[in-house]
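Observations on chain architecture
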Amino acid sequence: MVPMELAEALTEAGRRMDAHGWVPGSAGNLSARIDDGRIAITRSGVHKGRLTTADIIAVDYDGNPLVEGQKPSAETLLHCQLYRLFPQVGAVLHGHSVAATVLSMLGGITLANYEILKAFGYATHEHEVLLPVYENDQDIARLAAFIEPLLQSEPPIGYVIAGHGVYAWGTSVEHAYWRLEALEFLLQCELERRKMK
């Protein structure tokens, strides 16, 4: 069901995220677009640093597993939403870093004057970017419905769920990973700056 190339790319991304401490326990979820009707996503409850290709399963765009008995991540609908809304999205990565979690509990996150903002297509560092923080909700369908019009009105460079973690995406697994890495760097910088105040 899942092309081996995608499964291997996602398991490698999981190992890299784990090495940074972004996916403790069974936290986080990773996915990639298979085609216009299916995505590959991590199974529920697996440690992302010890993923195997068997832990990557296929679901449709409504989040339903294509093999009976398989259980995708609880947040699958948030991934499906991004693929449905943005045809250029090829992969979505979600982690639970300390910086993302702590900053999201303190309110909005504005990123300004960082050189690495260029990683998101800005021509200069002289730019102020809002990283949206959405309130957490255990009802993922309701959370997705709340987020959708906000994503459509002004597509962000990523977003954070309060007390939870960050979502990043890109055209491929590797592209999504380096955008996540850039976001995590920015969040860590902001956390350090707030400690200095």
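Quick summary incoming for the structure in this document. Remember, it's a predicted structure, so these values are computed and weren't measured experimentally. (Residues numbered from 1 in each chain as written. Predicted model: local features only at pLDDT ≥ 70, side-chain atom pairs only at ≥ 80, totals over all residues. Heavy atoms only, no water.)

**Considering the pattern of salt bridges**
Using the following cut-off: Every case where a carboxyl oxygen of Asp or Glu lies within 4 Å of a side-chain nitrogen of Lys or Arg is listed as a salt bridge. Under the scheme used here, helices are H or I runs from DSSP no shorter than 4 residues and strands are E runs no shorter than 2 residues, and both carry numbers assigned from the N terminus. Only protein chains enter the area calculation, which uses a 1.4 Å probe; residues under 20% of their type maximum are buried, those over 50% are exposed, and those in between are partly exposed.
Applying the stated rule across the entire model yields nine salt bridges. The shortest N-O distance in the salt bridge between Glu-12 and Arg-15 comes to 3.2 Å. Of this pair, Glu-12 and Arg-15 both sit in helix α1 (residues 4–19), three residues apart, roughly one helical turn. In this structure Glu-12 comes out as partly exposed when scored by relative accessible area, which is 35%. In this structure, Lys-118 engages Glu-115 in a salt bridge whose closest nitrogen and oxygen atoms are separated by 2.7 Å. Lys-118 sits in the partly exposed class, given a relative accessible area of 38%. According to the relative accessible area criterion, Glu-115 is partly exposed, its value standing at 46%.

**Comments concerning the sheet that holds strand β4 (residues 91–95)**
Put simply, the test is: Pairing between strands is defined by DSSP: at least two bridges between the two strands are required. Any pair of residues with heavy atoms lying within 4.5 Å of one another is described as a contacting pair. Convention adopted: a line fitted to C-alpha atoms gives each axis, helices being fitted over their contacting stretch, and angles between N-to-C directions are expressed from 0 to 180 degrees.
Taken in spatial order, the seven strands line up as β3-β2-β1-β4-β9-β8-β7 in an open sheet, and their pairing is mixed. Looking at strand neighbours, the two that pair on one side only are β3 (56–60) and β7 (133–134), the edges of this open sheet. In terms of strand pairing, β7 meets strand β8 (residues 159–161) through two bridges, oriented parallel. From the neighbouring strand, Val-133 faces β8, where its bridge partner is Val-160. Each of β1 (29–33), β4 and β9 (165–170) is contacted by helix α5 (residues 173–196), which is oriented at about 140° to β9, the strand it contacts most.

**Topic: the side chain of Thr-11**
If you trace the backbone, Thr-11 turns up in helix α1. Sequence-distant contacts of Thr-11, that is, excluding residues within four places in its chain, are made with Lys-48, Leu-51, Thr-52, Thr-53 and Ile-56.

**Focus: the packing of aromatic side chains**
To be explicit about the condition: Stacked, tilted and edge-to-face are the three classes assigned to paired rings of Phe, Tyr and Trp, where Trp is represented by its six-membered ring and a pair needs centres within 6.5 Å; plane angles under 30 degrees give stacked, over 60 edge-to-face, the rest tilted.
In total, this model carries five aromatic pairs according to the counting rule given. For the pair Trp-22 and Tyr-177, a centre-to-centre distance of 6.2 Å together with 35° between the ring planes defines the contact as tilted. Linking Trp-22 in the loop between α1 and β1 with Tyr-177 in helix α5, this pair joins segments that are 155 residues apart in sequence. The buried category is assigned to Trp-22, whose relative accessible area is 9%. Classification of Tyr-177 as buried rests on a relative accessible area of 2%. Taking the centre distance of 6.3 Å and the plane angle of 85° together, the rings of Tyr-134 and Phe-146 count as edge-to-face.

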